[in-house]
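One letter stands for each residue in the lines below.
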Amino acid sequence: MKNIKQIQLGQNGPFVSNLGLGCMRMSSIWGGSTPDETESIATIHEALDSGINFLNTGDFYGAGHNEMLIGKAIKGRRDDAFISVKFGAIFHNGQWIGLDLRPVAIKNFVNYSLTRLGIETIDLYQPSRMDDSVPVEDIIGTVAELVKEGKVRNIGVSEITAEQLRKANSIYPISALEIGYSLADRQIENELLPTAKELGIGIVAFANTAEGLLTGDLKAPLAENDYRNHFSRFQGANLINNLEKVEVVKQLARDKGFTPTQIAIAWVKEQSNHIMPLVSMSRRSRLPENIAAMDILFTQEELNTLNTTFAIGAIQGGTYLQR
(Lines give C-alpha, C1' and ligand atoms only; values in the text may rest on other atoms or scores of the structure.)
Protein backbone atom coordinates (compact mmCIF):
# COMPACT_ATOMS: atom_id res chain seq x y z
CA MET A 1 0.00 0.00 0.00
CA LYS A 2 1.80 3.09 -1.27
CA ASN A 3 0.02 6.23 -0.08
CA ILE A 4 2.93 8.65 -0.08
CA LYS A 5 3.96 11.12 -2.76
CA GLN A 6 7.58 12.05 -3.39
CA ILE A 7 9.70 15.16 -3.08
CA GLN A 8 13.09 15.94 -4.61
CA LEU A 9 15.86 16.94 -2.24
CA GLY A 10 17.92 19.52 -4.06
CA GLN A 11 17.87 20.58 -7.71
CA ASN A 12 19.62 17.41 -8.83
CA GLY A 13 19.11 15.42 -5.66
CA PRO A 14 17.30 12.20 -4.86
CA PHE A 15 13.53 11.66 -4.82
CA VAL A 16 12.23 10.55 -1.43
CA SER A 17 8.88 10.32 0.35
CA ASN A 18 7.37 13.71 1.12
CA LEU A 19 6.87 12.60 4.73
CA GLY A 20 9.90 11.53 6.74
CA LEU A 21 10.08 9.17 9.70
CA GLY A 22 12.16 10.52 12.58
CA CYS A 23 13.55 7.55 14.50
CA MET A 24 15.00 9.37 17.50
CA ARG A 25 12.22 8.37 19.88
CA MET A 26 12.90 4.72 19.17
CA SER A 27 15.99 4.98 21.38
CA SER A 28 16.62 6.42 24.82
CA ILE A 29 16.45 10.20 24.59
CA TRP A 30 19.29 11.90 26.42
CA GLY A 31 19.63 9.02 28.88
CA GLY A 32 15.94 8.15 29.29
CA SER A 33 14.27 4.75 28.97
CA THR A 34 14.37 2.81 25.70
CA PRO A 35 11.04 2.21 23.91
CA ASP A 36 9.92 -1.27 22.87
CA GLU A 37 12.31 -2.39 20.13
CA THR A 38 9.90 -4.85 18.53
CA GLU A 39 7.27 -2.12 18.14
CA SER A 40 9.86 0.32 16.82
CA ILE A 41 11.01 -2.11 14.13
CA ALA A 42 7.39 -2.88 13.24
CA THR A 43 6.79 0.88 12.89
CA ILE A 44 9.68 1.18 10.44
CA HIS A 45 8.40 -1.80 8.45
CA GLU A 46 4.89 -0.39 8.24
CA ALA A 47 6.26 3.02 7.26
CA LEU A 48 8.26 1.42 4.44
CA ASP A 49 5.19 -0.56 3.34
CA SER A 50 3.24 2.72 3.17
CA GLY A 51 5.86 4.36 0.98
CA ILE A 52 7.69 6.36 3.66
CA ASN A 53 11.30 5.64 2.77
CA PHE A 54 13.07 8.58 4.46
CA LEU A 55 14.44 7.32 7.80
CA ASN A 56 16.19 9.94 9.90
CA THR A 57 18.68 9.19 12.66
CA GLY A 58 21.84 10.46 14.34
CA ASP A 59 24.90 8.48 15.32
CA PHE A 60 24.47 9.89 18.83
CA TYR A 61 20.83 8.80 19.27
CA GLY A 62 20.94 6.28 22.07
CA ALA A 63 24.75 6.16 21.77
CA GLY A 64 24.48 4.23 18.52
CA HIS A 65 21.43 2.16 19.49
CA ASN A 66 19.23 3.98 16.96
CA GLU A 67 21.46 3.09 14.03
CA MET A 68 21.67 -0.56 15.11
CA LEU A 69 17.87 -0.69 15.42
CA ILE A 70 17.43 0.75 11.93
CA GLY A 71 20.01 -1.71 10.66
CA LYS A 72 17.87 -4.58 11.98
CA ALA A 73 14.72 -3.09 10.49
CA ILE A 74 16.09 -2.61 6.98
CA LYS A 75 17.92 -5.92 6.76
CA GLY A 76 16.77 -7.44 3.48
CA ARG A 77 15.00 -4.17 2.57
CA ARG A 78 17.92 -1.84 1.90
CA ASP A 79 16.51 -0.66 -1.42
CA ASP A 80 13.25 0.39 0.27
CA ALA A 81 14.96 2.80 2.65
CA PHE A 82 16.68 6.19 2.30
CA ILE A 83 18.92 6.62 5.34
CA SER A 84 19.69 10.10 6.68
CA VAL A 85 22.35 10.32 9.41
CA LYS A 86 23.50 13.29 11.49
CA PHE A 87 26.92 13.27 13.12
CA GLY A 88 29.19 15.40 15.27
CA ALA A 89 27.29 15.76 18.56
CA ILE A 90 29.11 14.37 21.59
CA PHE A 91 27.20 13.06 24.60
CA HIS A 92 28.34 11.70 27.95
CA ASN A 93 25.97 10.05 30.42
CA GLY A 94 23.05 11.35 28.38
CA GLN A 95 24.27 14.96 28.50
CA TRP A 96 25.36 16.99 25.49
CA ILE A 97 28.97 18.12 25.98
CA GLY A 98 29.88 19.57 22.60
CA LEU A 99 30.68 18.97 18.95
CA ASP A 100 33.52 17.22 17.17
CA LEU A 101 33.58 18.04 13.46
CA ARG A 102 37.29 17.60 12.82
CA PRO A 103 37.97 15.77 9.54
CA VAL A 104 39.64 12.89 11.36
CA ALA A 105 36.57 12.53 13.61
CA ILE A 106 34.15 12.60 10.66
CA LYS A 107 36.07 9.80 8.94
CA ASN A 108 35.84 7.82 12.17
CA PHE A 109 32.12 8.52 12.71
CA VAL A 110 31.08 7.42 9.22
CA ASN A 111 32.72 4.01 9.54
CA TYR A 112 30.99 3.33 12.86
CA SER A 113 27.64 4.39 11.34
CA LEU A 114 28.05 2.15 8.31
CA THR A 115 28.87 -0.80 10.56
CA ARG A 116 25.96 -0.20 12.94
CA LEU A 117 23.52 0.28 10.06
CA GLY A 118 24.88 -2.73 8.20
CA ILE A 119 25.07 -0.83 4.90
CA GLU A 120 27.78 0.21 2.47
CA THR A 121 26.59 3.76 1.73
CA ILE A 122 24.69 6.41 3.72
CA ASP A 123 22.13 8.17 1.53
CA LEU A 124 22.30 11.56 3.28
CA TYR A 125 25.09 12.50 5.70
CA GLN A 126 25.13 15.76 7.58
CA PRO A 127 26.78 17.58 10.49
CA SER A 128 24.23 17.99 13.28
CA ARG A 129 25.32 21.61 13.67
CA MET A 130 28.22 23.74 12.53
CA ASP A 131 31.19 24.18 14.82
CA ASP A 132 32.86 27.59 14.59
CA SER A 133 36.17 26.01 15.64
CA VAL A 134 36.29 23.99 12.39
CA PRO A 135 36.00 25.78 9.02
CA VAL A 136 32.95 24.92 6.94
CA GLU A 137 35.34 24.10 4.11
CA ASP A 138 36.95 21.36 6.19
CA ILE A 139 33.64 19.86 7.33
CA ILE A 140 31.88 19.78 3.96
CA GLY A 141 35.12 19.01 2.15
CA THR A 142 35.62 15.92 4.27
CA VAL A 143 32.10 14.66 3.61
CA ALA A 144 32.67 15.34 -0.11
CA GLU A 145 35.69 13.01 0.11
CA LEU A 146 33.36 10.37 1.58
CA VAL A 147 31.09 10.80 -1.44
CA LYS A 148 34.05 10.10 -3.74
CA GLU A 149 34.89 7.03 -1.65
CA GLY A 150 31.33 5.71 -2.05
CA LYS A 151 30.50 5.89 1.66
CA VAL A 152 28.01 8.75 1.26
CA ARG A 153 25.60 9.57 -1.59
CA ASN A 154 24.33 13.05 -0.73
CA ILE A 155 25.37 15.82 1.65
CA GLY A 156 23.01 17.62 3.99
CA VAL A 157 23.32 20.19 6.76
CA SER A 158 21.37 20.86 9.94
CA GLU A 159 20.74 23.88 12.17
CA ILE A 160 22.81 26.26 10.07
CA THR A 161 22.77 29.97 9.23
CA ALA A 162 22.01 31.33 5.77
CA GLU A 163 25.62 32.45 5.40
CA GLN A 164 26.93 29.01 6.38
CA LEU A 165 24.47 27.39 3.99
CA ARG A 166 25.75 29.47 1.06
CA LYS A 167 29.33 28.62 1.93
CA ALA A 168 28.59 24.91 2.33
CA ASN A 169 26.75 24.79 -0.99
CA SER A 170 29.65 26.52 -2.74
CA ILE A 171 31.96 23.73 -1.59
CA TYR A 172 29.71 20.84 -2.60
CA PRO A 173 26.01 20.77 -3.69
CA ILE A 174 23.86 20.50 -0.57
CA SER A 175 20.77 18.34 -1.04
CA ALA A 176 18.89 19.06 2.17
CA LEU A 177 18.72 21.35 5.18
CA GLU A 178 17.28 19.80 8.36
CA ILE A 179 15.80 22.47 10.57
CA GLY A 180 13.00 23.03 13.09
CA TYR A 181 9.91 24.54 11.46
CA SER A 182 6.33 24.88 12.63
CA LEU A 183 3.53 27.37 13.09
CA ALA A 184 5.20 28.22 16.40
CA ASP A 185 8.74 28.49 14.98
CA ARG A 186 8.77 30.49 11.76
CA GLN A 187 12.01 32.44 12.14
CA ILE A 188 13.63 30.59 9.23
CA GLU A 189 11.19 32.36 6.90
CA ASN A 190 13.17 35.58 7.26
CA GLU A 191 16.42 34.49 5.66
CA LEU A 192 17.22 30.79 5.83
CA LEU A 193 14.17 29.48 3.96
CA PRO A 194 14.52 31.96 1.05
CA THR A 195 18.24 31.13 0.80
CA ALA A 196 17.55 27.40 0.64
CA LYS A 197 14.89 27.95 -2.01
CA GLU A 198 17.22 30.17 -4.05
CA LEU A 199 19.95 27.52 -3.93
CA GLY A 200 17.54 24.69 -4.72
CA ILE A 201 18.02 22.94 -1.38
CA GLY A 202 15.28 20.77 0.08
CA ILE A 203 14.00 21.36 3.62
CA VAL A 204 13.61 18.50 6.10
CA ALA A 205 11.44 20.14 8.75
CA PHE A 206 11.36 18.65 12.24
CA ALA A 207 9.48 19.70 15.40
CA ASN A 208 6.27 20.31 13.43
CA THR A 209 4.21 20.41 16.64
CA ALA A 210 6.80 22.50 18.52
CA GLU A 211 7.50 19.85 21.17
CA GLY A 212 3.80 19.09 21.51
CA LEU A 213 2.62 22.69 21.91
CA LEU A 214 0.43 22.46 18.80
CA THR A 215 -1.10 19.05 19.55
CA GLY A 216 -3.92 20.54 21.60
CA ASP A 217 -3.20 18.12 24.43
CA LEU A 218 -1.27 20.44 26.75
CA LYS A 219 -2.74 22.19 29.76
CA ALA A 220 -1.11 24.75 32.03
CA PRO A 221 0.82 24.20 34.16
CA LEU A 222 2.78 21.18 32.96
CA ALA A 223 3.62 18.35 35.34
CA GLU A 224 6.73 19.07 37.42
CA ASN A 225 8.70 16.25 35.77
CA ASP A 226 7.89 17.35 32.21
CA TYR A 227 11.16 18.08 30.36
CA ARG A 228 9.49 20.99 28.57
CA ASN A 229 9.51 23.01 31.79
CA HIS A 230 13.12 23.84 30.89
CA PHE A 231 11.91 25.94 27.95
CA SER A 232 10.47 29.38 28.54
CA ARG A 233 7.57 28.94 26.14
CA PHE A 234 6.16 26.28 28.44
CA GLN A 235 6.42 28.37 31.60
CA GLY A 236 3.90 30.55 33.42
CA ALA A 237 2.23 33.36 31.47
CA ASN A 238 4.07 32.34 28.29
CA LEU A 239 2.37 28.96 28.25
CA ILE A 240 -1.06 30.45 28.95
CA ASN A 241 -0.64 32.93 26.09
CA ASN A 242 0.64 30.25 23.74
CA LEU A 243 -2.17 27.84 24.53
CA GLU A 244 -4.69 30.58 23.68
CA LYS A 245 -3.16 30.68 20.20
CA VAL A 246 -3.41 26.90 19.95
CA GLU A 247 -7.18 27.15 20.44
CA VAL A 248 -7.32 28.47 16.88
CA VAL A 249 -5.65 25.28 15.63
CA LYS A 250 -8.01 23.14 17.70
CA GLN A 251 -11.07 24.91 16.32
CA LEU A 252 -9.85 24.59 12.73
CA ALA A 253 -9.15 20.91 13.33
CA ARG A 254 -12.69 20.38 14.61
CA ASP A 255 -14.16 22.23 11.65
CA LYS A 256 -12.19 20.15 9.13
CA GLY A 257 -12.55 16.81 10.93
CA PHE A 258 -8.87 16.35 11.72
CA THR A 259 -6.63 16.53 14.78
CA PRO A 260 -4.54 19.59 15.74
CA THR A 261 -1.40 17.52 15.10
CA GLN A 262 -2.56 16.81 11.56
CA ILE A 263 -3.25 20.51 10.98
CA ALA A 264 0.26 21.38 12.23
CA ILE A 265 1.92 18.85 9.92
CA ALA A 266 -0.23 19.84 6.95
CA TRP A 267 0.63 23.52 7.42
CA VAL A 268 4.35 22.72 7.18
CA LYS A 269 3.77 20.62 4.06
CA GLU A 270 1.71 23.43 2.52
CA GLN A 271 4.46 26.03 2.74
CA SER A 272 6.41 24.77 -0.27
CA ASN A 273 6.81 21.76 -2.52
CA HIS A 274 10.46 21.53 -1.41
CA ILE A 275 9.62 21.05 2.29
CA MET A 276 9.28 17.61 3.90
CA PRO A 277 7.71 17.28 7.36
CA LEU A 278 9.86 14.97 9.50
CA VAL A 279 7.69 13.36 12.17
CA SER A 280 9.13 11.38 15.08
CA MET A 281 7.25 8.17 15.81
CA SER A 282 7.93 4.97 17.72
CA ARG A 283 4.49 3.32 17.44
CA ARG A 284 2.59 2.02 14.41
CA SER A 285 -0.61 3.57 15.74
CA ARG A 286 0.75 7.02 14.88
CA LEU A 287 1.31 6.30 11.20
CA PRO A 288 -2.24 6.53 9.76
CA GLU A 289 -2.87 9.93 11.38
CA ASN A 290 0.41 11.39 10.17
CA ILE A 291 0.08 9.96 6.66
CA ALA A 292 -3.47 11.33 6.35
CA ALA A 293 -2.18 14.80 7.28
CA MET A 294 -0.30 14.96 4.00
CA ASP A 295 -3.59 15.05 2.05
CA ILE A 296 -5.11 17.97 3.97
CA LEU A 297 -5.83 21.06 1.89
CA PHE A 298 -6.48 24.55 3.23
CA THR A 299 -8.53 27.40 1.86
CA GLN A 300 -6.75 30.72 1.57
CA GLU A 301 -8.90 32.03 4.40
CA GLU A 302 -7.81 29.17 6.66
CA LEU A 303 -4.15 29.79 5.84
CA ASN A 304 -4.58 33.50 6.50
CA THR A 305 -6.08 32.75 9.91
CA LEU A 306 -3.22 30.43 10.87
CA ASN A 307 -0.52 32.73 9.52
CA THR A 308 -1.95 35.75 11.28
CA THR A 309 -2.49 33.98 14.60
CA PHE A 310 1.00 32.51 14.48
CA ALA A 311 2.88 35.44 13.00
CA ILE A 312 6.59 35.49 13.81
CA GLY A 313 6.90 36.46 17.47
CA ALA A 314 3.33 35.54 18.42
CA ILE A 315 4.51 32.52 20.39
CA GLN A 316 6.26 33.71 23.52
CA GLY A 317 9.50 32.08 24.66
CA GLY A 318 11.63 29.30 23.11
CA THR A 319 12.61 26.68 21.99
CA TYR A 320 12.69 23.16 20.49
CA LEU A 321 14.97 20.18 21.02
CA GLN A 322 17.10 18.99 18.14
CA ARG A 323 15.81 15.88 16.35
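Cut-offs used in this document
Positions within a chain are numbered from 1, following the residues in the order the chain's sequence is written. Where local features are concerned, this predicted model is filtered to residues with pLDDT of at least 70; where side-chain atom pairs are given and counted, the filter is 80 or more; whole-chain, interface and lining totals use all residues. To obtain the side-chain values, all non-hydrogen atoms of the structure were included, while hydrogens and water were left out. Helix numbers and strand numbers start at the N terminus; a helix is a DSSP run of H or I with at least 4 residues, a strand a run of E with at least 2. Relative accessibility decides the category of a residue: with a 1.4 Å probe and only protein chains considered, values under 20% of the type maximum give buried, values over 50% give exposed, and everything between is partly exposed. In the analysis that follows, any N or O atom pair within 3.5 Å is treated as a polar contact, provided that within protein one partner can donate a hydrogen and the other can accept it, and provided that, for residues neighboring in sequence, both atoms belong to side chains. Buried Ala, Val, Leu, Ile, Met, Phe, Trp, Tyr and Cys residues form a nonpolar core when they are joined through side-chain atoms within 4.5 Å. We call two residues in contact whenever any of their non-hydrogen atoms come within 4.5 Å of each other. For two strands to pair, DSSP has to find at least two bridges joining them. As a rule, the C-alpha atoms of each element are fitted with a line to give its axis, helices using only the stretch in contact, and angles between N-to-C directions run from 0 to 180 degrees. The labels follow the angle: roughly parallel below 35 degrees, roughly antiparallel above 145, roughly perpendicular from 65 to 115, and oblique for the rest. Each crossing is labelled by how the near helix is turned from the far one, with a counterclockwise turn of less than a right angle marking it left-handed and a clockwise turn marking it right-handed. All amino acids are sorted into three groups, where Ala, Val, Leu, Ile, Met, Phe, Trp, Tyr, Cys and Pro are nonpolar, Asp, Glu, Lys and Arg are charged, and the leftover types, Gly among them, are polar. Crossovers are described as right-handed under a simple rule: with the strands pointing away from the observer, the path leading from the first strand over the helix to the second runs clockwise. Pairing of aromatic side chains requires ring centres within 6.5 Å, counting the rings of Phe and Tyr and the six-membered ring of Trp. Pairs whose planes differ by under 30 degrees are stacked, by over 60 edge-to-face, and all others tilted. Note on criteria: charge over ring means Lys NZ or Arg CZ within 6 Å of the ring centre, with the direction from the centre no more than 35 degrees off the ring normal.

*Asks:* Residues and numbers for the side chain of aspartate 185, please.
*Replies:* Among the secondary structure elements, aspartate 185 is positioned in the loop between strand S10 (174-180) and helix H6 (192-199). On the basis of relative accessibility, which here comes to 7%, the residue aspartate 185 falls in the buried class. One polar contact links aspartate 185 to arginine 233, side chain to side chain, over a distance of 2.8 Å.

*Asks:* Quick rundown of the nonpolar core? Include the residues and the values.
*Replies:* In globular proteins that are soluble, nonpolar side chains generally tend to be buried together. One finds Ile44, Tyr125 and Leu165 to be the most contacted residues of the largest nonpolar core, which totals 91 residues. Top element by residues in this core is helix H4 (residues 136-149). It accounts for seven residues. In contact with isoleucine 44, other than residues within four places in its own chain, are Leu21, Cys23, Met26, Leu55, Leu69, Ile70 and Ala73. In this structure, Val16, Leu124, Met276 and Leu278 belong to the second largest nonpolar core, which totals twelve residues.

*Asks:* Describe in detail the sheet that holds strand S4 (residues 54-58), supporting the description with residues and values.
*Replies:* Strand order in this closed barrel of eight strands is S3-S4-S5-S8-S9-S10-S11-S12, and the pairing throughout is parallel. Ignoring strand direction, the axes of neighbouring strands in this sheet form an average angle of 30 degrees. Note that strand S3 (residues 20-22) and S4 share two bridges and pair parallel. Looking at S4, one finds that leucine 21 is bridged to leucine 55. Against the sheet, helix H3 (residues 103-117) contacts strand S5 (82-87), strand S8 (122-127) and strand S9 (152-158), and its axis sits at roughly 140 degrees relative to S8.

*Asks:* Hey, could you go over the packing of H3 against H4 for me, with residue numbers and the actual values?
*Replies:* In helix packing, the relevant descriptors are the interaxial angle and the interaxial distance, both defined with respect to the helix axes. Running from N to C, H3 and H4 point in directions that differ by 40 degrees, and their axes come no closer than 9 Å. Regarding the angle of H3 to H4, the classification is oblique. Crossing geometry of H3 relative to H4 is assigned as right-handed. Between H3 and H4, the contacting residues are Pro103, Ile106, Lys107 and Val110 on the first element and Asp138, Ile139, Thr142, Val143, Glu145 and Leu146 on the second. Split into classes, the residues belonging to the contact of H3 with H4 amount to six nonpolar, one polar and three charged.

*Asks:* Kindly report on the pairing of S4, identifying the contributing residues and their values.
*Replies:* Within S4, five of the five residues are buried, which leaves it mostly tucked inside the rest of the structure. Where burial is concerned, the two faces of S4 agree: the one with Phe54, Asn56 and Gly58 and the one with Leu55 and Thr57 are both buried. Here five bridges tie S4 to S5, and the two strands are oriented parallel to one another. What sits directly across from phenylalanine 54, in S5, is phenylalanine 82. The parallel pair S4 and S5 is bridged by helix H2 (residues 65-74), and the resulting crossover is right-handed.

*Asks:* Please provide a residue-by-residue account of the packing of aromatic side chains, values included.
*Replies:* For the structure shown, the criterion picks out five aromatic pairs. Residues phenylalanine 87 and tyrosine 125 carry aromatic rings whose centres are separated by 4.4 Å and whose planes lie at 25 degrees to one another, so their mutual orientation is stacked. Pair noted here: phenylalanine 87 is in strand S5 and tyrosine 125 is in strand S8, with a separation of 38 residues, a long-range link. The pair formed by phenylalanine 87 and tyrosine 125 is uniform in burial state, with each residue classed as buried. Here tyrosine 181 and tryptophan 267 contribute two aromatic rings whose centre-to-centre distance is 5.3 Å and whose plane-to-plane angle is 50 degrees, an arrangement assigned as tilted. In this pair, tyrosine 181 sits in the loop between S10 and H6 while tryptophan 267 sits in helix H8 (residues 260-270), placing the two residues 86 residues apart along the sequence. Judged by relative accessible area, tyrosine 181 falls into the buried class, the value being 1%. The rings of Phe60, Tyr61 and Phe91 are connected pair by pair, giving a single aromatic cluster. Sitting over the face of the ring of tryptophan 96, arginine 129 holds its NZ or CZ atom 6.0 Å from the ring centroid. In this structure, arginine 228 is placed above the aromatic ring of phenylalanine 234, and the distance from its NZ or CZ to the ring centre is 5.8 Å.

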